Amino acid sequence: MAGHDDEELRMAFRMSMQEQKTPEPKRSKPWEKGGGASAAGLDEKSLEEENRRLKRDLMAAAAEKRMMLAARKSLAPSLSPLKGEESAGLRNEVVAEKKSVALIVDHVVEKKGDVGVGKVALTSEGKDVNLGEQLPMEKANQLFTMVFGESVSKGILAQWTNQGIRFSSDQETSMGLVQHEGGPCGVLAAIQAFVLKYLLFCPYQLAKDVASQRLALTRMQREENLASNCFASLTEDEKTRALVKSIGEILFLCGSQSRAVIATLSVVGNLAGSSDDNQNDEMIAQSLDGLAFESAADFQKYLRITICASRATTLHRLESMIPVFRSRMGAMLFLISALLSRGLDSIQDDRDDPSLPLVTAPFGHASQEIVNLLLCGQAVPNVFDGRMDLGGGMFLKGVSSTVEVGFLTLLESLNFCKVGQNLKRPKWPIWVVGSESHYTVIFATNTNVQEENELESRESQIRKAFDAQDQSGGGGFVSVEGFQQVLRETGINLPSEKVDHLCGAGFIVWSDFWQVLLDLDKSLGGLKDPTGSMGKKVFDLYHFNGIAKSVSNGSQTSSSGEVPVQRPRLTKLSVSVPPKWTPEEFMAVGCSTKDVTEVSKPEPSQHAPLVDCIRTRWLRAVCNWVGDPPSIV
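Residues numbered from 1 in each chain as written. Predicted model: local features only at pLDDT ≥ 70, side-chain atom pairs only at ≥ 80, totals over all residues. Heavy atoms only, no water.

S.K.: What should I look at first to understand the overall build of the chain in this one?
M.R.: Within the chain, the regular secondary structure consists of 22 helices and 16 strands. For the chain, the residues scored as buried account for 51% of the 633 residues in total. In the chain, the share of contacts with a sequence separation of at least 24, taken over all contacts with a separation of at least 6, comes to 67%. Summed over its atoms, the accessible surface of the chain is roughly 28,800 Å², and 51% of this surface lies on carbon and sulfur atoms. (Helix = DSSP H or I, 4+ residues; strand = E, 2+ residues; numbered from the N terminus. Buried < 20%, exposed > 50% of the residue type's maximum accessible area, 1.4 Å probe, protein only. Contact = heavy atoms within 4.5 Å. Areas by Shrake-Rupley, 256 points an atom, 1.4 Å probe, with all protein chains shown as cover.)

Take a look at the structure:
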C-alpha cells in the first residue's frame, strides 16, 4: 500500500511539474465571423487541454497534502513554521477532493525574504479559518516608508484608505471600477485594463463549466464588436470573476509568475459568514470602523500576509477576499499585495531613485513605478523600451518586454517623455492613459486596430531604430554617430545635402527627421507614396474615466430643476487615421494621376487632451464623439 502511494505521489508531481504551454493570444487578426478559431487562438481542443491541466493540478495538490502529512509525522508536535532546510519545498494545506468542492489551497511553508509564512486552511465548505501572518516590524517599516516616505499628510493617507475596488452601479458603465478618491487612480486604472481584457477578449475564462465556455467562445467568434452587447448583459458573477482573474494575474506578474502575496486585515474575521454581498459588505464596514493606517506600527498591527504558490490557490483565496477588496481598504491592500509579491528589495532594485516614496506628494498620486509594476511586473520608473546607458556603469530602466495591456500618456505629446513600443503595442488593444494628475483607460473591442499597414510598419521600424540611439532620456534627438547608425539599419538613402542639413547642429531631432522622411520617396527608404496604396484606417475607441463626473447630457430633472448626474464616464470615439501625406501631396492627387486611389482630405477633428494621447499611438488620428468631451482629469 505504501509503495502504491509513493508511486502515485511521484506520478502526480511529475504531471504537475510539466510545462504548460498556453497559446499566446494573437493581436493582429480580427475575430472571424462564423466558425473556425477565434482571434485569441482558442478552440475546443485548447479548452480540453485547460481542463486536463486543472485535473493535474488537483492530483498534484492531493499528493502534496499526503507528503505534508507524512513530513509532519516525523516532526515535533508543534505546528509552528518549519525552519531552515527542513522547510524547503514543502507545501500545505487542504485539498477538497469531492467533485462539489473542486478547488484547493496549497501554500509554501518556507521562510521568505520579505514576509513571514502565511497559513491558510479551508474547511470542506471553503471557509477561511486563518487570515495569515503578521509582517515583521522591520518589513512593516520598510513597506510604509517605501510607499509614503518619512513624512506623509493625513489627507494622502485618507485617500488611500478610503478607496474600494467596486464596480459602477450605473448601467452604462457597469463594467467599470468607480473612483472616489484622487490618489489611487493609477491602481484602479491598471486593474480596470485587465478586467476589460477578460470581459472583451477572454469571456470563456469566466464561465463556470465547459458548456458555458463553449457558448462564450462561439459568441466571441461570431461577433466582431462586443461592447454594445457585452456590457449590457454582464452579470455580477461574471464581473466578479473577471476582477478575481485580473487581480490574480497582476499579482502573479509581480511575483515573476511563481507566487502571489495577498494582504488582508486582522480585524475582518471570518469572511465566509454570509453568501449575501450586502451583508458581507456591511460586516466588513463595521469591522473597519475607526481603523486607520497612519504609521508602520499600524501596518504591523493590522496587516496579515499569505503567500500562494499556485494560481488555483491564489484565485480561491481572492474569491473569499472580494468583500475586503470592495471595502474602503481595497486599493491599499491590493497595492501592498503587489509590492510584496514583487518583493521589497526587488522593488528598490527596479527603481532609479529608491529614496523617493512611491505615492507622490503633494497630491498622493500613484507614481509611474506603481503603474509600471502593475502592467509589466517591475517597478521601473520609465516608459521607454529596455534600459538607457548613461555611461560609467549607470543606467535608466524602462520596460523590457511586451505587455498584456499598454500605456499612453499626455506627457509624451508635450515632449516630456517617450513611450516605447512595448507599452504602445500591447497584446490586447487596451491602454492605461496618464495625464498630469489622473489615470484613465481607452480600449478597442476589436483586435484589428493593432494591425499595421505597410507605411505604419515602416514608420515603426524607423522609430524603433531612432529610439535605440536616443540617449536624451526621451527628448527625441540623437547624435550624428547615432543618426548614421539609424540610416544604415533602416536602409534609408538620404541625399548628402539632406544629411548635412540635419547634422548641422551636431544632433538630429526626430521631428526634423520625420519631415525629411515624408518628402523622401519610398524607393529611397522614405515614406512618400503618392499612390495612396496605404489607405486610411477607421475604427472605434472607448474611453472610461472611473472618477465620478457631472454629466451634462445625462442630467435628471427634479422639482428644483435639472440636477447633473455624478457618475463615471464611458465615451465612444470614432477614429480615422488618414494616409500620412503632406498637404502638398493632397493637392497634387487627382490633378495629374488617373490611377491614384481617390483620397479625401481629413474630416475636421474634435479636440480634447485625450486626442493628443491617441495621436502618440496613431499619428494624425482624427477623433469625433457625441456629447461631452472625454476627460482625462
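S.K.: Would you mind showing me how to read helix α8 (residues 236-254) here?
M.R.: Side chains of residues three or four places apart in an α-helix project in the same direction, reflecting 3.6 residues per turn. Taking 1.5 Å of rise per residue, 19 residues should cover 27 Å, and α8 covers 27 Å from first to last C-alpha, within 8% of that figure. Listed in full, the buried residues belonging to α8 are K239, A242, L243, V244, S246, I247, G248, E249, I250, L251, F252 and C254. Looking at the buried side of α8, the elements it contacts are α5 (185-201), β3 (260-265), β4 (303-308), α11 (311-326), α12 (330-342) and α14 (368-376). Immediately downstream of α8, the backbone of S256 shows phi near 55°, a positive value. (Expected span 1.5 Å × (residues − 1).)

S.K.: Which parts of the structure should I look at to understand the confidence of the model for the chain?
M.R.: A low pLDDT means the predicted coordinates there should not be read in detail. A residue-level look at the chain finds 67% of positions with pLDDT of 70 or above and a mean pLDDT of 77. Note that residues 585-600 has pLDDT below 50 and, in this model, 20 contacts with residues that lie over four places away or in other chains. (pLDDT = per-residue confidence, 0-100.)

S.K.: What's the story with unusual backbone geometry in this structure? I'm lost.
M.R.: Trans is the common state for peptide bonds, and a negative phi is the common state for residues other than glycine. In this structure, P362 follows A361 across a cis peptide bond, with omega equal to 5°. Positionally, P362 belongs in the loop between β5 (359-360) and β6 (365-366). Phi is positive for N415, close to 65°, though the residue is something other than glycine. As for its position among the elements, N415 is in the loop between α15 (410-413) and α16 (421-424). Classification of N415 as exposed rests on a relative accessible area of 62%. Within the chain, R620 stands out as a residue other than glycine whose phi angle is a positive 65°.

S.K.: Is there a simple way to think about the pattern of salt bridges in this case?
M.R.: Two side chains that carry opposite charge are able to pair once their charged atoms sit near each other. This structure, assessed with the given rule, holds 15 salt bridges. The salt bridge partner of R166 is D281, with a shortest N-O separation of 3.4 Å. Of this pair, R166 sits in the loop between α4 (154-160) and α5 while D281 sits in helix α9 (residues 277-287), and the two are 115 residues apart along the sequence. Assessed through its relative accessible area of 36%, R166 is described here as partly exposed. In this structure, E369 engages R351 in a salt bridge whose closest nitrogen and oxygen atoms are separated by 2.9 Å. Here E369 is found in helix α14, whereas its partner R351 is found in the loop between α13 (344-350) and β5, with 18 residues between them in sequence. Its relative accessible area of 11% is what places E369 among the buried residues. Owing to a relative accessible area of 3%, R351 belongs among the buried residues under this scheme. Residues joined by salt bridges that share partners form a network here, namely K197, E249, E404 and K427. (Salt bridge = Lys/Arg side-chain N within 4 Å of Asp/Glu carboxyl O.)

S.K.: I tried to follow the environment of E436 on my own but got confused; where do I start?
M.R.: Inspection of the secondary structure puts E436 in the loop between β10 (430-434) and β11 (439-443). With relative accessibility at 53%, the residue E436 sits in the exposed group. Sequence separation of E436 and V633 is 197 residues, and the distance between their C-alpha atoms is 8.0 Å. Leaving out residues up to four positions away in the same chain, E436 has contacts with L410, L411 and L414.

S.K.: Before we go on, may I ask you to explain the nonpolar core in this structure?
M.R.: Within soluble globular proteins, side chains that are nonpolar generally end up buried alongside one another. Of all hydrophobic cores here, the largest spans 103 residues; its most connected members are F148, L265, F299, L303, F334 and F443. No other element matches α5, which puts 14 residues into this core. Composition of this core by domain shows at least three residues from each of domain 1 (133-379) and domain 3 (537-553 + 563-625). Other than its neighbours up to four places away in sequence, F148 contacts I156, L157, W160, F299, M332, P357 and V359. (Core = buried A, V, L, I, M, F, W, Y, C linked by side-chain atoms within 4.5 Å. Domains from an automatic or database assignment.)

S.K.: I tried to follow the packing of α8 against α12 on my own but got confused; where do I start?
M.R.: A pair of packed helices is captured by two measures, namely the crossing angle of their axes and the spacing between those axes. Running from N to C, α8 and α12 point in directions that differ by 35°, and their axes come no closer than 7 Å. On the side of α8, the interface is formed by I247, I250, L251 and C254, while α12 contributes F334, S337, A338, S341 and R342. When its residues are assigned to classes, the contact of α8 with α12 shows six nonpolar, two polar and one charged. (Axes fitted to C-alpha atoms, helices over the stretch in contact; angles between N-to-C directions. Nonpolar A, V, L, I, M, F, W, Y, C, P; charged D, E, K, R; others polar.)

S.K.: Looking at this structure, I do not really get the pairing of β10. What am I missing?
M.R.: For a regular strand, the rule is simple: side chains alternate between the two faces of the sheet. For β10, the tally of buried residues reaches five of five residues, placing the bulk of the element in the interior. In the sheet, strand β9 (residues 406-409) pairs with β10 via four bridges, with the strands oriented parallel. Residue L408 lies in a different strand from β10, and its bridge partner there is V433. A loop of four residues connects β10 with β11, the two strands running antiparallel in sequence. (Pairing = 2+ DSSP bridges.)

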